[in-house]
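What follows is the residue order along each chain.
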Amino acid sequence: MKAPRLTDTTLRDGSHPMRHQFTREQVASIVQALDRAGVPVIEVSHGDGLAGSSLQYGFSHTSEFDLIETARSHAERAKIAALMLPGIGTRQELKEAVARGIQVVRIATQCTEADVSEQHFGLAKELGLETVGFLMMAHMRPPEALAEQAKLMESYGADCVYIVDSAGAMLPSDAAARVRALKEALSVQVGFHAHNNLGLGIGNTLAALEAGADQIDGCLRGLGAGAGNAATELLAAVLDRLGLNPGLDVFGLMDAAEYIVAPIMPFQPFPDRDAITIGYAGVYSTFLLHAKRAGAQYGVDPREILVELGRRQAVAGQEDWIIDVALDLSRRHTAGTRKESRL
Ligand SMILES: CC[C@H](O)CC(=O)C(=O)O
Ligand SMILES: [Mn+2]
């Protein structure tokens, strides 16, 4: 194993539980702490990437471009990254993000749809960016299929391709097999992004490192979608104990998590019963809050909604299905109750 490069995504994946309400002041203090603690890449954007601020995904408190600019001005060493989902972010937003200070773009597609990212990688390269491909919901496809998709991203100009366990549904052996397949197929670097739905965020990241991952992700205090991500401060401590610390200040990150991030978190992401259901059902972690709302509205257990969405193989962008599923289940329950009362 070698010391990996760490990207902290508190200010992007953490935007989901924050309901996209990060302020300039919060970004300034988190970036300063991460930068001082030696984190080399800091991702800042709406949780759903550039241009995510919308009725569908939730409006941001502060424009992500203003947050990126703030991040840039408070980072002395770290590179600032943004996430971009083709279909949500456009050329215009990518150019604006570059003008405001990003040096890295992470281009995310569903793990079967890498082909939609060709133009985005092309533009990113023209703009002089470092580029990362992000294959989301990677538990849904086998290692060989993911390697094919990763090769497409490499051919479009990706400098690194990530296996993204969006639903926190992988076991360590799943993470390792997927990273290994990409390492064998690609000449560029391979990364791993964990979610903690089955309590395996750190364990899966270690399995990915053992399989050869070059880059990994974390969030301070695990602040990320669903059950949260592998905690940056835990990764730093564990890497240090393994003799693989890439230059991170372990105590500095622990303090940042405790004194800067914890006080502003609306709740501690944790694998509670709903989040475990997400990992167990293998559905997208951002479905959790929507499923809870729909469950409350239609009187249905959110776990039932999530398991049904998993059965239907729902992917991000299909949030409208959540209401359909909740309604279907509620009608089914009502029909069941009527039948019972007739008997
Ligand atoms: C909607 C984008 C998503 O949050 C990207 C990501 O971090 C993941 O799929 O885990
Ligand atoms: Mn994520």
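This one's a predicted model, so the numbers in the text were calculated from it and none came from an experiment.

1. Some points on the environment of Ser60
Right, so step 1: Considering the arrangement of structural elements, one finds Ser60 in the loop between strand S2 (41-43) and helix H2 (64-74).
Right, so step 2: For the pair formed by Ser60 and Ser15, sequence separation is 45 residues and the distance between their alpha carbons is 8.9 Å.
Right, so step 3: Apart from residues no more than four positions distant in its own chain, Ser60 is found in contact with His20, Gln21, His46 and Ser53.

2. Digging into the domain arrangement of the chain
Right, so step 1: Taken domain by domain, the chain comprises domain 1 (5-264) and domain 2 (286-342).
Right, so step 2: Look at where the C-alpha atoms of domain 1 and domain 2 centre, and you get two points 30 Å apart.
Right, so step 3: In this complex, domain 1 contributes 9 residues to the contact, which on the side of domain 2 involves 11 residues.
Right, so step 4: Both sides together, the interface formed by domain 1 and domain 2 hides about 770 Å², and carbon and sulfur atoms give 59% of it.
Right, so step 5: The largest contributions to the domain 1 side of the interface with domain 2 come from Arg19, Gln110 and Met140, which together make up 48% of the buried area.
Right, so step 6: Counting across the interface, domain 1 meets domain 2 through 0 salt bridges.

3. As for the packing of helix H11 (residues 287-298) against helix H13 (residues 320-342)
Right, so step 1: Where H11 meets H13, the axes come as close as 9 Å, and the angle between the chain directions of the two elements is 35 degrees. For H11 against H13, the interelement crossing comes out right-handed. Across the interface between the two elements, Phe287, His290, Ala291, Ala294 and Tyr298 from H11 touch Ile322, Ile323, Ala326, Leu327 and Ser330 from H13.
Right, so step 2: Residue composition of the contact of H11 with H13, by class: 8 nonpolar, 2 polar and no charged.

4. Regarding the UniProt feature "domain: Pyruvate carboxyltransferase" (unreviewed entry) in the chain
Right, so step 1: Residues annotated in UniProt with the feature "domain: Pyruvate carboxyltransferase" (unreviewed entry) correspond here to residues 4-254.
Right, so step 2: The span residues 4-254 is 38% helix and 16% strand, and its two end C-alpha atoms sit 19 Å from each other.

5. Here's the deal with the coordination of the manganese ion (ligand 2)
Right, so step 1: Looking at the manganese ion (ligand 2), the protein donor atoms are Asp13 (OD), His193 (NE2) and His195 (NE2), and they sit 2.0 to 2.2 Å from it.
Right, so step 2: Positions of the donor residues of the manganese ion (ligand 2), expressed as sequence spacing, correspond to D-x179-H-x1-H. Placement of Asp13 in the loop between strand S1 (5-8) and helix H1 (24-36) and of His195 in the loop between strand S7 (189-193) and helix H7 (201-210) is noted, with a sequence separation of 182 residues between them. Like Asp13, the residue His195 is buried in the burial classification.

6. With respect to H1
Right, so step 1: Relative to the 18 Å expected for 13 residues at 1.5 Å per residue, H1 spans 18 Å between its end C-alpha atoms, a close match to the ideal helical length.
Right, so step 2: Within H1 the residues assigned to the buried category are Gln26, Val27, Ala28, Ile30, Val31, Ala33, Leu34 and Asp35.
Right, so step 3: Elements in contact with the buried residues of H1: S1, S2, H2 and helix H9 (250-261).
Right, so step 4: A positive phi of about 85 degrees marks Gly38, the residue just after H1.

Criteria and cut-off values
- Residues numbered from 1 in each chain as written.
- Chains lettered and ligands numbered in written order.
- Predicted model: local features only at pLDDT ≥ 70, side-chain atom pairs only at ≥ 80, totals over all residues.
- Heavy atoms only, no water.
- Helix = DSSP H or I, 4+ residues; strand = E, 2+ residues; numbered from the N terminus.
- Contact = heavy atoms within 4.5 Å.
- Domains from an automatic or database assignment.
- Buried area = accessible area lost by both parts, 1.4 Å probe.
- Salt bridge = Lys/Arg side-chain N within 4 Å of Asp/Glu carboxyl O.
- Axes fitted to C-alpha atoms, helices over the stretch in contact; angles between N-to-C directions.
- Left-handed = near helix turned anticlockwise from the far one by under 90°.
- Nonpolar A, V, L, I, M, F, W, Y, C, P; charged D, E, K, R; others polar.
- UniProt positions renumbered as here; feature names shortened; annotations may be inferred.
- Donors = N, O, S within 2.8 Å, 3.2 Å for Na, K, Ca; no water.
- Buried < 20%, exposed > 50% of the residue type's maximum accessible area, 1.4 Å probe, protein only.
- Expected span 1.5 Å × (residues − 1).

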